[in-house]
Amino acid sequence: QVQLVESGGGLVQAGGSLMLSCAASGRTFSSDGMGWFRQAPGKEREFVAVINQIMHEYYADFAKGRFTISRDNHKNTVYLQMHSLNLEDTAVYYCARTPLVGLTTDVRNYPSWGQGTQVTVSS
């Protein structure tokens, strides 16, 4: 079974930083691409960042220069380091797995999802 568990969300002031973690079960972690998505109330789920099997990264425009995705295959964990957070970053953040090698942003290419972790940015 594939299981993804996010952690690290919480309340942070605008301009602050937060590190999200996603622990993956199973022994095929290094063979999968891992992505982060987010969903604000009343909004569609949107792509944030992805890191593939050979450590290439791709980011949504709003995340470039502020967010960093990384993975530790030994720990079966993917991270999202977020800096300079603003109110628009408030959302539930999800990690997800894709078997594709390409840096896909399409939610339909991610068959496995975590439960999400809430990030709330305050003024």
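Scroll up to find the structure.
Residues numbered from 1 in each chain as written. Predicted model: local features only at pLDDT ≥ 70, side-chain atom pairs only at ≥ 80, totals over all residues. Heavy atoms only, no water.

Here's the deal with the nonpolar core
Within soluble globular proteins, side chains that are nonpolar tend to cluster in buried spots. Among the nonpolar cores identified, the biggest contains 25 residues, and Trp36, Val78, Leu80, Met82 and Tyr93 are the most heavily contacted of them. Secondary-structure elements contributing two or more residues to this core are strand 3 (18–24), strand 4 (33–39), strand 5 (46–51), strand 7 (67–72), strand 8 (77–82), strand 9 (91–98) and strand 11 (117–122). The greatest single-element share of this core, amounting to four residues, is contributed by strand 3. Apart from the residues within four sequence positions on either side, Met82 is in contact with Gly16, Ser17, Leu18, Leu20, Arg66, Phe67, Tyr93 and Val119. If you look at the next biggest cluster of nonpolar residues, it comprises six residues, including Phe47, Val50, Ala60 and Tyr110. (Core = buried A, V, L, I, M, F, W, Y, C linked by side-chain atoms within 4.5 Å. Buried < 20%, exposed > 50% of the residue type's maximum accessible area, 1.4 Å probe, protein only. Helix = DSSP H or I, 4+ residues; strand = E, 2+ residues; numbered from the N terminus. Contact = heavy atoms within 4.5 Å.)

Points about the pattern of salt bridges
Within the structure shown, the criterion is met by six salt bridges. The partner of Asp89 in a salt bridge is Arg38, and the shortest N-O contact between them spans 2.9 Å. Placement of the pair is Asp89 in the loop between strand 8 and strand 9 and Arg38 in strand 4, with a sequence separation of 51 residues. The exposure class of Arg38 is buried, given its relative accessible area of 6%. One continuous salt-bridge network, built from bridges that share partners, spans Arg38, Glu46, Arg66 and Asp89. (Salt bridge = Lys/Arg side-chain N within 4 Å of Asp/Glu carboxyl O.)

Remarks on unusual backbone geometry
For Met55, which is not glycine, the phi torsion reads 70° and is therefore positive. Overall, Met55 belongs to the partly exposed group, its relative accessible area being 38%. One non-glycine residue, Ser84, adopts positive backbone phi at about 50°. In this structure, Ser84 sits in the loop between strand 8 and strand 9.

Some remarks on the environment of Phe62
Residue placement: Phe62 occurs in the loop between strand 6 (57–59) and strand 7. Judged by its relative accessible area of 24%, Phe62 is partly exposed. Distance in space between the C-alpha atoms of Phe62 and Val48 is 8.0 Å, their sequence separation being 14 residues.

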